Amino acid sequence: MDETTRTTVLRRAALNNAAWCDAVCRVHGLVPRYDGEQLWFSARRTPPMYPDAVTLEPGVPAGSVVRGVDTASPGCSVKDSFADLDLAGAGFEVLFEAQWIHRRAGAPLPEAEGEAAGLEWSEVSGAEELAAWEAAFDGGEGIEGDGLFRPALLGEGIVFLAGREGGRIVAGAVASTGGGVVGVSNLFGAAWAGVLGAVSARWPELDVVGYEHGEDLEAAVRGGFAPVGPLRVWLFAH
């Protein structure tokens, strides 16, 4: 992959991720904004595990990012999509680093590994199934009340995929369109083969992106993804 193509893939992955974050925030009553083509941000604190800002282009000024977010509330974070921000001087520290991953449309599907080989895959539909999916995803440690993932997220461009064993959800992921690609997030249950099969069946013409680190990155590479560039998540510390 040449540098121009790689940068295009990274931009699409960042835009896709911002669109997914935007959808989650809006079902929680927030109204995030886009600052041109450079930045997505929410002026109010976002739900747990979701950033308050996502950079969409390389070279976004750190001041532009910090001005738009709520550092007065605990947990403020920034997804530095190109790993080129220095937010330490603004009171942030690096929470983790990861790699964007990319898989071209039409690439051969991987074989399921271990226990995931016998799972039956389907799309989640309705509030009851979504609640069961979230319980499997977080082990029952979710947000009190209506949960993190609300039924309003179930739509044309967002699919919650469930791998079932004996009718019980034991694996899954979220697939969302945006930026001209399909983004896969919230993967659990060693499920790349089943997830990619379901994604390919729904959007055969679109490349697949996401981000992972550590052992999860190794599993993604075995599933046919290529690391294409670093990202960094910053957390406001003081």
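Asker: Mind showing me how you'd approach helix α5 (residues 214-222) here?
Answerer: One turn of the α-helix equals 3.6 residues, which is why residues spaced by three or four share an orientation. Residues Leu217, Ala219 and Ala220 constitute the buried set of α5. For α5, the angular spread of the buried residues around the axis is 160°, confining them to a single face. Across from the buried face of α5, at angles greater than 90 degrees, the exposed residues are Glu215 and Arg222. For α5, the secondary structure elements touched by its buried residues are β5 (92-103), α4 (192-202), β10 (208-212) and β11 (226-236). Gly224, located one to two residues past α5, shows a positive phi value of around 100°.

Asker: Explain the side chain of Glu57 to me, please; I cannot follow it from the model alone.
Answerer: Positionally, Glu57 belongs in the loop between β3 (53-55) and α2 (62-67). Looking at Glu57, the relative accessible area reads 18%, which means it is buried. One polar contact links Glu57 to Arg11, side chain to side chain, over a distance of 2.5 Å. Every residue in contact with Glu57, bar those within four places of it in the chain, is listed here: Arg11, Glu37, Gln38 and Phe82.

Asker: Looking at this model, I keep getting lost on the pairing of β11. Mind explaining?
Answerer: Regular strands place their side chains on alternate faces of the sheet. When strand β4 (residues 77-80) meets β11, the two strands line up antiparallel, connected through four bridges. Within β11, the position partnered with Lys79 by the bridge is Val233. Direction of pairing for β5 relative to β11: antiparallel, over a ladder of 10 bridges. Among the inter-strand pairings, Glu97 is bridged to a residue of β11, identified as Arg232.

Asker: I tried to follow the pairing of β10 on my own but got confused; where do I start?
Answerer: The element β10 is largely enclosed, with a buried count of four among its five residues. Inspection of the sheet shows β5 paired to β10 by five bridges, in the antiparallel sense. Bridge pairing in β10 links Trp100 to Tyr211. In terms of strand pairing, strand β9 (residues 181-188) meets β10 through two bridges, oriented parallel. Within β10, the position partnered with Val182 by the bridge is Val208. For the handedness criterion, the β-α-β arrangement of β9, α4 and β10 is classed as right-handed.

Asker: Is there a simple way to think about the pattern of salt bridges in this case?
Answerer: Two side chains carrying opposite charge are able to pair once their charged atoms lie near each other. Applying the stated criterion across every chain, the model contains nine salt bridges. Residue Asp22 is joined to Arg26 by a salt bridge in which the shortest nitrogen-to-oxygen separation is 2.7 Å. On the criterion of helical spacing, the pair formed by Asp22 and Arg26 is a turn pair, its members being four residues apart in helix α1 (residues 3-27). Residues Glu129 and Arg164 are paired through a salt bridge, measuring 3.4 Å at the closest nitrogen-oxygen approach. Of this pair, Glu129 sits in helix α3 (residues 126-138) while Arg164 is found in strand β7 (residues 158-165), placing the two residues 35 residues apart along the sequence. A residue is classified by how much of its surface remains accessible, and Arg164, at 16% relative accessible area, is buried. Linked through salt bridges whose partners overlap, the residues forming this network are Asp80, Glu97 and Arg232.

Procedures and definitions
- Residues numbered from 1 in each chain as written.
- Predicted model: local features only at pLDDT ≥ 70, side-chain atom pairs only at ≥ 80, totals over all residues.
- Heavy atoms only, no water.
- Buried < 20%, exposed > 50% of the residue type's maximum accessible area, 1.4 Å probe, protein only.
- Helix = DSSP H or I, 4+ residues; strand = E, 2+ residues; numbered from the N terminus.
- Arc of directions from axis to C-beta.
- Contact = heavy atoms within 4.5 Å.
- Polar contact = N/O pair within 3.5 Å; in protein donor to acceptor, adjacent residues only side chain to side chain.
- Pairing = 2+ DSSP bridges.
- Right-handed = clockwise from strand over helix to strand, strands pointing away.
- Salt bridge = Lys/Arg side-chain N within 4 Å of Asp/Glu carboxyl O.

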